[in-house]
Amino acid sequence: QVQLVESGGKLVQTGDSLRLSCTATGASLRGYCMGWFRQTPGKEREFVGVISWIGGGTHYADSVRGRFAISRDNTENTAYLQMTSLKHEDTAVYYCAADWKCMELTSVMFEYDYWGQGTEVTVSA
């Protein structure tokens, strides 16, 4: 059973950069695609980006493309979300998720099998 734990969320200012981490315990992330999503109160959870298991292929939401970058260290069983040029509208709880099928770089929430508990990012206006 894969357990995911996010960390790194905090209060930052507009324009700042921040890196979130997602570490897996209980099992290896070998073969999994790793996605990031975010959610604000009263809104549905939305896709941020995803990285393939190997090869570094990525896919991002239009709202973050060019500002956010996902990477992973398979030896450390960890995925990262590097966020730059943060905007107030990036304020959200950020979740990482693992897709064991990894057939494609999907943005569909229900394709993901395991989820972390979330880490809160607040970007001051």
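The shown structure was predicted, so the numbers you read here are calculated from the model rather than taken from an experiment.

Caption draft 1: Main features of the sheet that holds strand 7 (residues 68-73). As summarised here, the arrangement of the 4 strands in space is 1-3-8-7, forming an open sheet in which the pairing is antiparallel. With one partner strand each, in any of the chains shown, strand 1 (3-7) and strand 7 form the two edges of the open sheet. On average, each strand axis in the sheet is tilted by 20° relative to the strand beside it, whichever way the strands run. Relative to strand 8 (residues 78-83), strand 7 is paired through 6 bridges, and the arrangement is antiparallel. Looking at the pairing, Ile70 lines up with Leu81 of strand 8.

Caption draft 2: Representation of the state of the cysteines. Scanning all chains against the criterion turns up 2 disulfides. A disulfide bridge connects Cys22 with Cys96, and the sulfur atoms are separated by 2.0 Å. Judged by the torsion about the S-S bond (60°), the Cys22/Cys96 disulfide is right-handed. Taken together, the residues span a long stretch of sequence, with Cys22 in strand 3 (residues 18-25) and Cys96 in strand 9 (residues 92-99) at a distance of 74 residues.

Caption draft 3: Focus on the nonpolar core. In terms of nonpolar packing, the biggest core is built from 36 residues, with Leu4, Met34, Trp36, Leu81, Met83 and Tyr94 touching the most fellow members. Those elements that provide at least two residues to this core are strand 3, strand 4 (33-39), strand 5 (46-51), strand 7, strand 8, strand 9 and strand 11 (119-124). A total of 5 residues in this core trace back to one element, the largest contributor, which is strand 9.

Caption draft 4: Structural context of the pattern of salt bridges. Taken as a whole, this structure holds 7 salt bridges when the rule is applied. A salt bridge links Asp62 to Arg65; its shortest N-O distance comes to 2.5 Å. With relative accessibility at 65%, the residue Asp62 sits in the exposed group. Arg65 gets classed as partly exposed once you look at its relative accessible area, which sits at 44%. Measuring nitrogen to oxygen at the nearest pair gives 2.8 Å for the salt bridge that ties Asp90 to Arg67. Of this pair, Asp90 sits in the loop between strand 8 and strand 9 while Arg67 sits in the loop between strand 6 (58-60) and strand 7, placing them 23 residues apart in sequence. Given the relative accessible area of 0%, Asp90 is considered buried.

Caption draft 5: Spatial organisation of the side chain of Thr119. Tracing the backbone shows Thr119 in strand 11. Classification of Thr119 by relative accessible area gives buried; the value is 10%. Setting aside residues up to four positions removed in sequence, Thr119 forms contacts with Glu6, Ser7, Gly8, Gly9, Leu20, Ala92, Val93 and Tyr94.

Rules used in this analysis
Residues numbered from 1 in each chain as written. Predicted model: local features only at pLDDT ≥ 70, side-chain atom pairs only at ≥ 80, totals over all residues. Heavy atoms only, no water. Pairing = 2+ DSSP bridges. Helix = DSSP H or I, 4+ residues; strand = E, 2+ residues; numbered from the N terminus. Axes fitted to C-alpha atoms, helices over the stretch in contact; angles between N-to-C directions. Disulfide = S-S within 2.5 Å. Core = buried A, V, L, I, M, F, W, Y, C linked by side-chain atoms within 4.5 Å. Buried < 20%, exposed > 50% of the residue type's maximum accessible area, 1.4 Å probe, protein only. Salt bridge = Lys/Arg side-chain N within 4 Å of Asp/Glu carboxyl O. Contact = heavy atoms within 4.5 Å.

Purely geometric numbers; function is a separate question.
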